[in-house]
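# What the coordinates show
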Amino acid sequence: MTEEGKAHEVSDANFDKEVLKSATPVLVDFWASWCKPCQKMAPILEAVAQDYAGRLTVAKLDVEDSPGTAQRYDVRGIPTLILFKGGQPGERVSEYMPKEELERWLDAAL
Amino acid sequence: MEEALPKMSPADSPGAAAATAAWDLLVVGAGPAGLAVTIYAARAGLRTCVLERGVPGGQMATADWVENYPGFPEGVAGVELGLKMEEQARRFGVTFLTADAGATGLELAGSDKTVAGQRARAVVVATGSRPRRLGLPGEDRLAGRGVSYCATCDGAFFRGKRVAVIGGGDSAVTEAAFLAKLAAKVFVVHRRDGFRAAATLVERVRALKNVELRLGRVPVSIEGSGGVEALVLREAAGGEAGAREERLELDGVFIYVGTDPETGFLKGKVDLDKAGYVITDQEMRTSVPRVYAAGDVRVKGLRQVVTAVADGAVAAMTAEKDLAALAQG
């Protein structure tokens, strides 16, 4: 059971269940260990998970561990954030964003 | 031999108001210019704070290998150079804050300056530059889906695949060589018949077996539905009508056609030239008292790490001199 208000890990194995079948919109963060801006975004995404608890779930996908999902959604650059609603990929952005900018983007996309 | 001047205290400055500035010097941007400012300023006894919206290091953090920074005969990883500069700044007690000057607004005109809620007696703008877009059809739509401006960031997605690098300068040629280690095939596309890049770099990339050059070609469009599928080129000479087109089937396009200054947030606040770079004198002073600029962001001839750190040192010392003069005023 996913803890509300926290970002949680997803992978090729559970992507369908955790993201595509989620009733709540899911913001998926595609990241990798070599990506420094991704590391900088991690606490920002934790804060967003908290601020938007109930309205949005935040999920993190390591593209090295789960290349299949990355490929499926044409993720060829990170950080990439994709907002999934009702199992469908919607708005996406492929650049580092500070917290204020990310929340503005989310408010428009949700 | 440098001498540190006595540390300024707010009470010394004429007209010190009830709310005193937290900092003597606020630096916007923690790339090499900004980090050099902080090292010199902190050692001179100025209370120094640096604001950075992302990762310290600036463009050093995304440069694979820096070969021409003096002091490193074997070269140095860009990330490593950035980390060392950051470590050095922290060692001298510089405060690092995460803030976006562009988003939070700034006041530079008064005797105290305010940036992202931080008050300071002087400010150095060191926000650098960002990669320039080509403005091609498909470029924005496919950003992160095969269109990239950073080979070290995204190269891993193209192991065994086909990519193109567009550009003719040092960055384009260096990153093409980097990508050639990962990709099955690298096309280097440049509108001129010869590269602007340093001769040694060009020689190196010409010798690589999986690199093909497309000189005298301009990109027309980037194609693909979900991700990049192809890059269309045409001959540069002879204009658009009737020029032969070539469609390269690819998985990625890396664009290295220069940079633009990060100064949108400064419009109307300091004098900028037509291209948006900050105008300064030789001592890094801008058109506003006790506001300085250092590094790629300012009008200058050569934009390199080595000239950025030079600007940073000069800006710090000029700020120190100006603050001292203010106190004695």
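Everything quoted here is computed from the prediction, not taken from an experiment. (Residues numbered from 1 in each chain as written. Chains lettered and ligands numbered in written order. Predicted model: local features only at pLDDT ≥ 70, side-chain atom pairs only at ≥ 80, totals over all residues. Heavy atoms only, no water.)

Attention shifts here to helix α2 (residues 78–91) of chain B. All names here are of chain B. Here α2 spans 20 Å end to end across 14 residues, near enough to the 20 Å set by a 1.5 Å rise per residue. Taken together, the buried positions of α2 are Gly-78, Leu-81, Gly-82, Met-85, Glu-86 and Ala-89. The buried residues of α2 occupy one face: seen down the axis, they fall within an arc of 130°. Relative to its buried face, α2 has exposed residues pointing more than 90 degrees away, namely Glu-87 and Arg-91. (Helix = DSSP H or I, 4+ residues; strand = E, 2+ residues; numbered from the N terminus. Expected span 1.5 Å × (residues − 1). Buried < 20%, exposed > 50% of the residue type's maximum accessible area, 1.4 Å probe, protein only. Arc of directions from axis to C-beta.)

As a further point, take the state of the cysteines. Residue and element names in this part refer to chain A. Tallying each qualifying case throughout the model produces 2 disulfides over all chains. Paired by a disulfide, Cys-35 and Cys-38 hold their sulfur atoms 2.1 Å apart. The sign of the 80° torsion about the S-S bond sets the Cys-35-Cys-38 disulfide as right-handed. Cys-38 gets classed as buried once you look at its relative accessible area, which sits at 4%. (Disulfide = S-S within 2.5 Å.)

Moving on to the sheet that holds strand β4 (residues 80–85) of chain A. Residue and element names in this part refer to chain A. With respect to topology, 5 strands assemble into an open sheet ordered β1-β3-β2-β4-β5, the strand pairing being mixed. Two strands lie at the open edges of the sheet, namely β1 (8–10) and β5 (88–93), each paired on one side alone. Adjacent strand axes in the sheet meet at a mean angle of 30° when their direction is disregarded. Along the sheet face, helix α4 (residues 99–109) touches β2 (26–31), β4 and β5 and points at about 25° away from the line of β4. (Pairing = 2+ DSSP bridges. Axes fitted to C-alpha atoms, helices over the stretch in contact; angles between N-to-C directions. Contact = heavy atoms within 4.5 Å.)

Enumeration over the complete set of coordinates arrives at 6 aromatic pairs over all chains. Considering the side-chain rings of Trp-34 of chain A and Phe-157 of chain B, the 6.2 Å spacing of their centres and the 70° angle between planes classify their relative orientation as edge-to-face. Of this pair, Trp-34 of chain A sits in the loop between β2 and α2 (36–51) while Phe-157 of chain B is found in the loop between α4 (151–154) and β11 (162–166), placing the two residues in two different chains. For Trp-34 of chain A, a relative accessible area of 30% puts it in the partly exposed group. With a relative accessible area of 17%, Phe-157 of chain B lands in the buried category. Arranged with centres 6.1 Å apart and planes meeting at 40°, the rings of Tyr-69 of chain B and Phe-72 of chain B form a pair that is tilted. Positioned above the aromatic ring of Trp-31 of chain A, the side-chain terminus of Lys-60 of chain A is 5.3 Å from the ring centre. A cation sits over an aromatic face here: Arg-91 of chain B above Phe-92 of chain B, 5.0 Å from the ring centre. (Phe/Tyr/Trp six-rings, centres within 6.5 Å; stacked < 30°, edge-to-face > 60°. Lys NZ or Arg CZ within 6 Å of the ring centre and 35° of its normal.)

On to the confidence of the model for chain B. All names here are of chain B. For chain B, per-residue confidence averages 91 on the pLDDT scale, and residues scoring 70 or more make up 92% of the total. Confidence drops under a pLDDT of 50 for residues 1–18, and excluding neighbours within four residues, the segment shows 22 contacts in the predicted structure. Quick note on the complex model: pTM equals 0.86, ipTM equals 0.91. (pLDDT = per-residue confidence, 0-100.)

Residues and elements named next belong to chain B. Under the defined criterion, the tally for this structure stands at 27 salt bridges over all chains. Residues Asp-24 and Arg-47 are paired through a salt bridge, measuring 2.9 Å at the closest nitrogen-oxygen approach. Of this pair, Asp-24 sits in strand β1 (residues 23–28) while Arg-47 sits in the loop between α1 (32–43) and β2 (48–52), and the two are 23 residues apart along the sequence. Overall, the relative accessible area of 0% leaves Asp-24 in the buried class. As a salt-bridge pair, Asp-260 and Arg-132 come within 2.9 Å of each other at their nearest N and O atoms. Taken together, the positions of Asp-260 in strand β18 (residues 259–261) and Arg-132 in the loop between β9 (129–131) and β10 (147–148) put the pair 128 residues apart, joining distant regions of the chain. (Salt bridge = Lys/Arg side-chain N within 4 Å of Asp/Glu carboxyl O.)

Another aspect to go through is the sheet that holds strand β13 (residues 211–215) of chain B. Residues and elements named next belong to chain B. Pairing is parallel across the open sheet formed by 5 strands, whose spatial order is β10-β17-β11-β12-β13. In this open sheet, the two strands that pair with only one neighbour each are β10 and β13. Two elements, β10 and strand β17 (residues 252–255), share 2 bridges in a ladder whose sense is parallel. In the strand pairing of β17, Ser-148 is matched with Phe-254. Across the sheet, helix α5 (residues 170–180) touches β11, β12 (185–190), β13 and β17, and the angle it forms with β11 is around 170°.

Think of interface size as the accessible area that goes away when the parts come together; that is how it is often given. The partner chain B presents 21 residues to the 16 residues of chain A that form the contact. Overall, the association of chain A and chain B removes approximately 1,600 Å² of surface from exposure, summing both partners, and the carbon and sulfur fraction of that is 56%. Considering only the surface of chain A that becomes buried against chain B, Trp-34, Lys-40 and Arg-76 of chain A emerge as the three largest contributors, covering 39% of it. Summed over the shared surface of chain A and chain B, the number is 1 salt bridge. (Buried area = accessible area lost by both parts, 1.4 Å probe.)

For the rest of this paragraph, the subject is the environment of Val-28 of chain B. Residues and elements named next belong to chain B. Looking at the secondary structure, you find Val-28 in strand β1. Since its relative accessible area comes to 4%, Val-28 is described here as buried. Along the sequence, Val-28 and Leu-97 sit 69 residues apart, while their C-alpha atoms lie 9.9 Å from each other.

Okay, unusual backbone geometry next. The step from Ile-78 of chain A to Pro-79 of chain A runs through a cis peptide bond, and the omega angle for that step is 0°. Inspection of the secondary structure assignment puts Pro-79 of chain A in the loop between α3 (67–72) and β4. Although it is not a glycine, Asp-74 of chain A sits at a positive phi angle of roughly 55°. Of note, Asp-74 of chain A is situated in the loop between α3 and β4. Positive phi values are uncommon outside glycine, yet Ala-116 of chain B reaches one of about 50°.

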